[in-house]
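Architecture and fold: a report
Residues per chain, in single letters:
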Protein chains: 2
Amino acid sequence: MAKVDPSLIAHLPLFGGVKPEDLDEVLREARSARYPKNSVIFEQGADAQSFFLLLHGHVRATKTTPTGEQIVVRYVVPGETFGLAMAIGLAQYPATATAVDDSVVLILPTAAWPRLVERFPALTANMLQTIGTRLQESHTRILEMSTQQVEQRVAHALLRLAKQSGKKLDHGIEIDFPISRQDIAQMTGTTLHTVSRILSGWESQGLVESGRQRIILRDPHRIVLLAERTADSGPA
Amino acid sequence: MAKVDPSLIAHLPLFGGVKPEDLDEVLREARSARYPKNSVIFEQGADAQSFFLLLHGHVRATKTTPTGEQIVVRYVVPGETFGLAMAIGLAQYPATATAVDDSVVLILPTAAWPRLVERFPALTANMLQTIGTRLQESHTRILEMSTQQVEQRVAHALLRLAKQSGKKLDHGIEIDFPISRQDIAQMTGTTLHTVSRILSGWESQGLVESGRQRIILRDPHRIVLLAERTADSGPA
DNA sequence: CCGGCAATTTGCGATAGCGCAAAACGGGCC
DNA sequence: GGCCCGTTTTGCGCTATCGCAAATTGCCGG
């Protein structure tokens, strides 16, 4: 297991306020690991023995009901933390994390957290900020699910993904990791069938170009219009 | 403005780990205020100059879209904090808070927070816990909205309210503050019409007894069954 | 290069829940 | 005690979206 270079993590929000030269101290507690595409990093309900920092790749967090339905909680991009159960007082992970791409993560033992917090009080504040942001995002999502129709929700979801992980091409913005219709359905509270129909429609209007687990926004601007459109407005 | 007795707040989660005798120091920064039923405590978008602790009454937090639709984010019960914008790094309140009952709140200036945190480091951790719990609740809500039908969602919402603010009667559990069909609709992502139809149905089956802004769960157990029922299961 | 599998597309009902509108109700205030 | 207004109920048609099923497609592994 290779040593992690402090410069890799120095700029991350979590470590704001921690002196770069102190980061070695943090890294001493950490190890890194590689997860191949589609491998599970941790499972919902498992003991939260570690928390994670994504260095490379993409991770999907999902939550499953007792009856087996699942939703995508979020996609993690490099630089973000995940599996923070312990920070909010949970002994088990509330969601499952899966690498959707070959991914490299920094693993910190949950047990080290209290020690780190004591040593670097700024960490708690940073963590609070992180969780707070996620809370807001959740509320936004609830608001959307309550007030918008499926097409608008899908538009919002794709725009968000594009902003988060978009790779600019000259003919549009490509979402930079494999994502299926089913995934999008689970992000927006609908079915893969409906997502497929919507994307087909958009494709024939030149709004997107998509294929197997691959989506390119060809005309982000018009998608923004779609996302903001009220149920009735606009021509046929 | 009356002095607040430390014993009133000593047991609150936010102050866990703070010595009771130190609470005076906190209270020196605070003032209390009374908000009559239906008055607005702060408005979404306003500068977050204070944060709040509910002492008596009930407060509803709502979030409104640019186009005017709104959802109920949560109901605050005595002992809980609200308006924590500053703790998560927001300069403006992300929601509106309204007293749904005559309510008494403890008001703490946002400006005092950094000072308090420095003095009582446990506060940050407590806050993290609080926000973390809310994040989880949000995720649960998203999961429900994604996977359950309206009737089940309403059942869950009522059960939660009953647990939070239920007053036990010998003939059931009454939700202890005024709540309209519209409110429930905004908690569950549906319309007041649908909620009304559902409650009417339940009433005729003896599950609830309800009236103007008033709901009594007559048969919580059967409502639990409803809440857990999968779309198809069970007889007509 | 081919077989097989997972992802996607699409057609075709079925329906839960919406939206509108109107009527009934209930309480508080004067 | 009666009036006024906000809340609730309910009928009725409509449609967005689901659910199922079958056909198609594109990849990956061998």
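Please refer to the structure higher up on the page.
Throughout what follows, the structure given in this document is the object of discussion. If you're wondering where the values come from, they're calculated on a predicted model, not measured in any experiment.

Brief notes about the protein's contact with DNA strand D
As a matter of local geometry, DNA strand D sits amid 18 residues, with Thr190(A), Thr194(A), Arg197(A), Ser196(B) and Arg212(B) nearest to it. Sugar and phosphate atoms represent 63% of those atoms of DNA strand D found within 4 Å of the protein. One nitrogen or oxygen atom from the side chain of Thr190(A) is found 2.6 Å from a phosphate oxygen belonging to DNA strand D. Separating a base oxygen of DNA strand D from a side-chain N or O atom of Arg197(A) is a distance of 2.8 Å. At the level of elements, α7 (192-204) of chain A together with α7 (192-204) of chain B are the ones that each hand at least two residues to the surface near DNA strand D. Tallied by class, the residues present in the surface near DNA strand D amount to one nonpolar, 12 polar and five charged.

Focus: empty space enclosed by the protein
Counted by the stated rule, this structure contains one cavity of 30 Å³ or more. The calculated volume of the largest cavity comes to roughly 310 Å³. Counting residues per element, the ones that place at least two in the lining of the largest cavity are α4 (122-147) of chain A together with β4 (59-64), β5 (70-76), β7 (96-99) and α4 (122-147) of chain B.

Here we look at the layout of surface pockets
Looking at the second largest pocket, its volume works out to about 840 Å³. Lining the second largest pocket are 32 residues, with Arg74(B), Glu80(B), Arg134(B), Glu137(B) and Gln164(B) sitting closest to its centre. When residues of the lining of the second largest pocket are traced back to their parent elements, those giving at least two are α4 of chain A together with β5, α4, α5 (150-165) and α6 (181-188) of chain B. No other element matches the 11 residues that α4(B) contributes to the lining of the second largest pocket. Of the residues that constitute the lining of the second largest pocket, the class distribution is 11 nonpolar, 12 polar and nine charged. Two domains each donate at least three residues to the lining of the second largest pocket, and these are domain 1 (6-144) and domain 2 (148-228) of chain B.

Section: the sheet that holds strand β8 (residues 103-109) of chain A
Residue and element names in this part refer to chain A. Taken in spatial order, the four strands line up as β1-β8-β3-β6 in an open sheet, and their pairing is antiparallel. For this open sheet the edge positions go to β1 (31-35) and β6 (81-82), each flanked by a neighbour on one side alone. Relative to β8, β1 runs antiparallel, the two sharing five bridges. Looking at the pairing, Arg-31 lines up with Ile-107 of β8.

Notes on the relation of the copies chain A and chain B
Between chain A and chain B, which share one sequence, the superposing operator has a rotation angle of 180° and an axial displacement of 0.0 Å; the RMSD is 0.0 Å. Interpreted geometrically, this transformation is the action of a two-fold axis. Comparing interface residues between copies, 100% of those in chain A also sit at the interface in chain B, which points to an isologous, same-surface contact.

Observations regarding the protein's contact with DNA strand C
Residues in close proximity to DNA strand C total 17 residues, the closest being Ser196(A), Arg212(A), Thr190(B), Thr194(B) and Arg197(B). Sugar plus phosphate, as a fraction of atoms of DNA strand C within 4 Å of the protein: 63%. Between DNA strand C and the protein, one listed contact pairs a phosphate oxygen with a backbone N or O atom of Val150(B) at 2.8 Å. Contact distances for DNA strand C include 3.4 Å between a base nitrogen and a side-chain N or O atom of His193(B). Contributions of two or more residues to the surface near DNA strand C are made by α7 of chain A together with α7 of chain B. Per element, the largest residue contribution to the surface near DNA strand C is four residues, and it comes from α7(A).

A look at the sheet that holds strand β5 (residues 70-76) of chain A
Residues and elements named next belong to chain A. In space, the four strands of this open sheet follow the order β2-β7-β4-β5, with antiparallel pairing throughout. The open sheet has two edge strands with one neighbour each: β2 (40-42) and β5. Averaged over neighbouring strand pairs, the angle between their axes works out to 30° when direction is ignored. Summarising the sheet, strand β4 (residues 59-64) and β5 pair through six bridges and their orientation is antiparallel.

Focus on the pattern of salt bridges
All names here are of chain A. As enumerated under the stated definition, the model contains 22 salt bridges over all chains in all. Arg-119 serves as the salt-bridge partner of Asp-22, at 3.9 Å between the closest nitrogen and oxygen. With Asp-22 in the loop between α1 (6-9) and α2 (23-27) and Arg-119 in helix α3 (residues 112-119), this pair connects stretches of sequence that are 97 residues apart. Taking the relative accessible area as the measure of exposure, Asp-22 reaches 15% and is therefore buried.

What counts as what
Note that residues are indexed from 1 along each chain, following the sequence as it is written. To label them, take the chains in the order written and letter them from A, then take the ligands in the order written and number them from 1. Local features in this predicted model are restricted to residues whose pLDDT is 70 or higher, and side-chain atom pairs enter the listing and the counts only when it is 80 or higher, whereas totals over whole chains, interfaces and linings include all residues. Note that the side-chain values use all heavy atoms of the structure and ignore hydrogens as well as water. Here, proximity means that at least one heavy atom of the residue falls within 4 Å of the molecule or strand. Polar contact is defined as a pair of N or O atoms within 3.5 Å, subject to the rule that within protein one atom must be able to donate a hydrogen and the other to accept it, and that residues adjacent in sequence are counted only when both atoms are side-chain atoms. Helix numbering and strand numbering both begin at the N terminus, where a helix is a DSSP run of H or I of at least 4 residues and a strand a DSSP run of E of at least 2. Amino acids are sorted into nonpolar (Ala, Val, Leu, Ile, Met, Phe, Trp, Tyr, Cys and Pro), charged (Asp, Glu, Lys and Arg) and polar (every other residue, Gly among them). Think of a 1 Å grid over just the protein atoms. A cavity is a set of points where a 1.4 Å probe fits yet cannot get out, a pocket is an open set with protein on both sides within 12 Å along at least five of seven lines, and lining residues have an atom within 4 Å of a point. Grid points are joined across faces, edges and corners, and a volume is the space filled by probe spheres set on the points. Each domain's limits were defined by an automated method or a database of domain assignments. DSSP calls a pair of strands paired once it identifies at least 2 bridges connecting them. We place the copies in one frame by least squares, fitting the C-alpha atoms of every residue whose pLDDT is at least 70 in both. Contacts were defined at the residue level, with two residues in contact if any of their heavy atoms lie within 4.5 Å. Whenever a helix is involved, its axis is fitted only over the stretch in contact; in every case the axis is a line through C-alpha atoms, and angles between N-to-C directions fall within 0 to 180 degrees. Any carboxyl oxygen of Asp or Glu that lies within 4 Å of a side-chain nitrogen of Lys or Arg is treated as forming a salt bridge with it. For every residue, the accessible area (1.4 Å probe, protein chains only) is compared with the maximum for its type, and the residue is labelled buried under 20%, exposed over 50%, or partly exposed between those bounds.

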